[in-house]
Amino acid sequence: MKRKISIALSEWKDKPNRMPLVVGGARQVGKTYILEEFGHEYFDNVVYLNIEIETALARFLDKELSPSKIMQFVEALKGEHITAGKTLLFFDEIQACERALTALKYFCEQAPQYHVVAAGSLLGVAVNRQKYSYPVGKVEELTLYPLDFEEFLWAMGQENLSRQIREHYAASEAMPDAWHDLALEQYRNYFIVGGMPAAIMEYLRTNSFIHVQQVQNNILNQYVADMAKYADAATSVKIRACYNSIPAQLAKENTKFQYKVVRRGGTAAIFGEAIEWLVFAGTVLKCQRLEHGFIPVNAYMDLADFKLYMSDIGMLTLSSGMPLQTILSPIEQDNTYLGAMTENYVAQALTSGGHKLYYWQSDGKAEVDFVLQTSDHVIPVEVKKGRRNRSKSLGVFAEKYQSPYALRISKKNFGFENNIKAVPLYAAFCIAP
């Protein structure tokens, strides 16, 4: 599958001051696949080592961190030569061995001529455990997310449609009705399939949403297994409870995360660590409330108030139990939960596009779904599931914080009126930082 991260990988390869590269992200987002594809395209050979499986290497690293000796051992272990500039040395599931992480520091200092990459499904969780030593300042980092809607279109063979969407977004010019309807149809499919590569492959293979959800359920089971593997028993129970509560959290009129929804009497002291685990594992997205819309916005965060979204809209569709026919119907649906799911979809699109997630609320009277910071302005973003989209909150925010324009994301076609840029839901991937 074509992925946008490939551009960043190519740029890393050619850097003169290159450091080892660590690719993080949630489980099953395609890290191993994309790095192996990158290696086979740009190098003569790829020496692949799964640290969870290569126990002999893990034992060797317990005693030795010299890059030259590590490479000698790996050559003997794998029966392949490692040549500077021609070999990609790939350590997968690197969080399984703390010494492998530490070794990256010495590759940076003593063997910078070699191309070394590492990937970890729960690197964010592992790095925050006390026994791990992360080579800060000695590695470059990239995060791989589930496929966004544009990458989904590429996988569906709809490259021309994605180009049309980008062109009309740039011009704020309405798409022809045929293109607009086709894009909305693909958007509805993506709402169910989501961006997990295995789910997309199953959809391409079977054209069956039922088979897709079986794959998604297997991924969900892997998430639960990881919660037990990388946390103690008591914390694991809390992590599962927080994750399972997200559909209910989003169903509330006030979608701010409430600990009492997880468990009666729940508090930040009880569940705070579990939430941070989910964020670090990449399975949820955290959207922080802003007290003000001034620059820099992160200086005005209210750390106590936040929303949680699932990192993949397909996984939310599965977990919520939303009837698939409700999503697939082209007729406007009077279903309030679809609005919450649409917000989750936009949160995923913005995160994949490089945005940090913030929302704004004014004394409970006005709320803006998302707030984006550009180089010199803050831009309010409103999300609507359908075409009916009257709201005063955008105007309140724009006037209060002098935003040059606002974004309204809905099923309406492209346009620009009254300083509001209309963006169809399928074009959320176009919103650049």
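The rules behind the values
Each chain carries its own residue numbering, running from 1 in the written order of its sequence. Thresholds applied to this predicted model are a pLDDT of at least 70 for local features of residues and 80 or more for the giving and counting of side-chain atom pairs; totals over whole chains, interfaces and linings are not thresholded and use all residues. Heavy atoms from the whole structure form the basis of all side-chain values; hydrogens and water molecules are not counted. Here, strands pair whenever DSSP counts at least two bridges between them. Where helices and strands are cited, they refer to DSSP runs of H or I of at least four residues and of E of at least two residues respectively, numbered from the N terminus. For helices, the fitted line uses only the C-alpha atoms of the stretch in contact; every axis is such a line through C-alpha atoms, and the angle between N-to-C directions lies from 0 to 180 degrees. Here, a salt bridge means any side-chain nitrogen of Lys or Arg that lies within 4 Å of a carboxyl oxygen of Asp or Glu. Burial classes follow relative accessibility: with a 1.4 Å probe on protein chains only, a residue under 20% of its type's maximum area counts as buried, one over 50% as exposed, and anything between as partly exposed.

1. What to know about the sheet that holds strand β8 (residues 358-362)
Within the open sheet, the four strands sit side by side as β7-β6-β8-β9. Their pairing is mixed. Both outer strands of the open sheet, β7 (301-310) and β9 (366-368), are each paired with one neighbouring strand and no more. When the angles between neighbouring strand axes are averaged without regard to direction, this sheet yields 25°. Here β8 runs beside β9; their pairing, made up of three bridges, is antiparallel. Across the sheet, residue S362 finds its bridge partner in β9, namely A366.

2. Some remarks on the pattern of salt bridges
Here the structure, examined in full by the defined rule, presents 19 salt bridges. One salt bridge connects K13 with D14, and the closest N-O pair in it is separated by 3.3 Å. Residue D14 is classed as exposed on the basis of its relative accessible area of 53%. Of the charged contacts, one joins K307 and E343 as a salt bridge, the two residues approaching to 3.1 Å between their closest N and O atoms. You can see K307 sitting in strand β7 and its partner E343 sitting in helix α18 (residues 336-352), a full 36 residues away along the chain. Relative accessible area serves as the criterion here: at 1%, K307 is assigned to the buried category. Counted as one network, the salt bridges with shared partners bring together K4, D148, E150 and R166.

3. What about the sheet that holds strand β2 (residues 45-50)?
The pairing of strands in a sheet comes from backbone hydrogen bonds and takes either a parallel or an antiparallel form. Taken in spatial order, the five strands make up an open sheet running β2-β3-β4-β1-β5, and their pairing is parallel. Each having just a single partner strand, β2 and β5 (140-143) make up the two edges of the open sheet. Neighbour to neighbour, the strand axes of the sheet diverge by 20° on average, direction disregarded. Sheet topology note: the β2/strand β3 (residues 87-92) ladder contains six bridges and is parallel. Within β3, the residue paired with N45 across the bridge is T87.

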